Amino acid sequence: MSVYKAEQPDYLEKALKSIWDDQTYKPFEIILIADGSLTPELDQIINKWQASLGSSFVVCRNETNLGLTKSLNKGLKYAQGELIARMDSDDISHPKRFELQRNFLLHNSNIDVVGGALQEFNDKNDCLNIRYYPEDPEKMGKYICKASPLAHPTVMMRRKIFDSGISYDERFRMSQDIALWFDVLSNGYKISNISDITIYFRLAGDVFKRRSRKKAFNEFQIYMNGIYRLHGLFTFAYIYPISRLLFRLMPKSIIKWIYGSKLRKKILSHK
């Protein structure tokens, strides 16, 4: 988990509580990357958990803000477990998340990354949309051309992936998870999802404002390169990132309407 100064202390507190106090299967350790200087309120939350958990709570502090990609790579260097779970500092893990995902990986030795469904929520409504992701590992190479086959904050990954030399691509400050999934699939690893809700995903009110053109071109580059590595030069799959880029360049009012439309859900359907 990475946290930076703009995070709400209450959100961080709830996130940490959900992955320690509330879990039916507790993690071996929690690794928190403090990305740059934080507010006194955030440091107070971190100090409280350090005093409570001791060596089970590992805090890595960046002197300056390095961004999520580099922070996650630093965190991976500290991880000692064979299974590594991702988490965002403003989300809440379902109490059975680690138990369910650990059991899945124990019983499916051919799967290297497992995600899960997520329940969207905000400060006004605890039960918004539930997002499900594809489960068939044999179809992931095709599905990733359309959209991410995994929700980044829901994943649990085998350590061997990173021991083999794969890491988050530090050329990308955004959409680093998509780049990682392309790397994982290109190297022959398998990914899947469970249908259970694993994360309560905090839906920010400015989600469409944050979909900048810079992020759109960043994502386009990742998809075009990833599709080439998976499927070669001659494939119709390139139509998806091209269409997505054109969509992202539309006025935000149109993007917002399409984002919640039945057409988008049909295109991204994995059934």
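Report on the accompanying structure. (Residues numbered from 1 in each chain as written. Predicted model: local features only at pLDDT ≥ 70, side-chain atom pairs only at ≥ 80, totals over all residues. Heavy atoms only, no water.)

## Concerning the overall build of the protein chain
- Helices and strands together make up the secondary structure of the protein chain, namely eleven helices and nine strands.
- Among the 271 residues that make up the protein chain, the fraction classed as buried is 47%.
- Contacts in the protein chain between residues at least 24 apart in sequence constitute 77% of all its contacts with a sequence separation of at least 6.
- Accessible area for the protein chain stands at about 14,300 Å²; split by element, carbon and sulfur atoms hold 54% of it. (Helix = DSSP H or I, 4+ residues; strand = E, 2+ residues; numbered from the N terminus. Buried < 20%, exposed > 50% of the residue type's maximum accessible area, 1.4 Å probe, protein only. Contact = heavy atoms within 4.5 Å. Areas by Shrake-Rupley, 256 points an atom, 1.4 Å probe, with all protein chains shown as cover.)

## A few points about the pairing of strand β2 (residues 30-35)
- Among the six residues in β2, six count as buried, and that is most of the element.
- Side chains Ile-30, Leu-32 and Ala-34 of β2 all project onto a buried face; the interleaved residues Ile-31, Ile-33 and Asp-35 project onto the opposite face, where all are buried too.
- Taken together, the two bridges between strand β1 (residues 2-3) and β2 define a ladder with parallel strand orientation. Its bridge partner being in β2, Val-3 is matched across the sheet by Ala-34.
- Between β1 and its parallel partner β2, the chain crosses via helix α1 (residues 9-19), and the hand of that crossover is right-handed.
- Handedness of the β-α-β unit built from β2, helix α2 (residues 40-53) and strand β3 (residues 57-62) comes out right-handed. (Pairing = 2+ DSSP bridges. Right-handed = clockwise from strand over helix to strand, strands pointing away.)

## Considering the packing of aromatic side chains
- Within this structure, the stated rule accounts for one aromatic pair.
- Here the aromatic rings of Phe-182 and Tyr-223 are separated by 5.7 Å at their centres, their planes lie at 90°, and the arrangement is edge-to-face. In this pair, Phe-182 sits in helix α7 (residues 176-186) while Tyr-223 sits in helix α8 (residues 213-231), placing the two residues 41 residues apart along the sequence. For the pair Phe-182 and Tyr-223, one class covers both residues: buried.
- Geometry around Tyr-11 places Arg-202 over its ring, the cationic atom sitting 3.5 Å from the centre.
- Above the plane of the ring of Tyr-223 lies Arg-244, whose end atom (NZ or CZ) is 4.1 Å from the centre. (Phe/Tyr/Trp six-rings, centres within 6.5 Å; stacked < 30°, edge-to-face > 60°. Lys NZ or Arg CZ within 6 Å of the ring centre and 35° of its normal.)

## Re the packing of α8 against helix α9 (residues 239-248)
- Where α8 meets α9, the axes come as close as 9 Å, and the angle between the chain directions of the two elements is 175°. Accordingly, the angle class assigned to the pair α8 and α9 is roughly antiparallel. Contact with α8, carried on its side by Ala-216, Phe-217, Glu-219, Phe-220, Tyr-223, Met-224 and Ile-227, involves Pro-241, Ile-242, Arg-244, Leu-245 and Arg-248 of α9 and no other residues of that element.
- Class assignment for the residues of the contact of α8 with α9 results in nine nonpolar, no polar and three charged. (Axes fitted to C-alpha atoms, helices over the stretch in contact; angles between N-to-C directions. Parallel < 35°, antiparallel > 145°, perpendicular 65-115°, else oblique. Nonpolar A, V, L, I, M, F, W, Y, C, P; charged D, E, K, R; others polar.)

## Some thoughts on the environment of Ser-148
- Among the secondary structure elements, Ser-148 is positioned in the loop between α5 (140-143) and β8 (156-158).
- By relative accessible area, Ser-148 is classed as buried at 14%.
- When the C-alpha atoms of Ser-148 and Ser-175 are compared, they prove to be 9.7 Å apart, with 27 residues separating the residues in sequence.
- Dropping the residues within four chain positions of it, Ser-148 is found in contact with Tyr-133, Tyr-143, Asp-177, Ile-178, Trp-181 and Tyr-223.
- Of note is the side chain of Ser-148, whose polar atom sits 2.6 Å from the backbone oxygen of Leu-150. (Polar contact = N/O pair within 3.5 Å; in protein donor to acceptor, adjacent residues only side chain to side chain.)

Worth remembering: the numbers are spatial, not functional.
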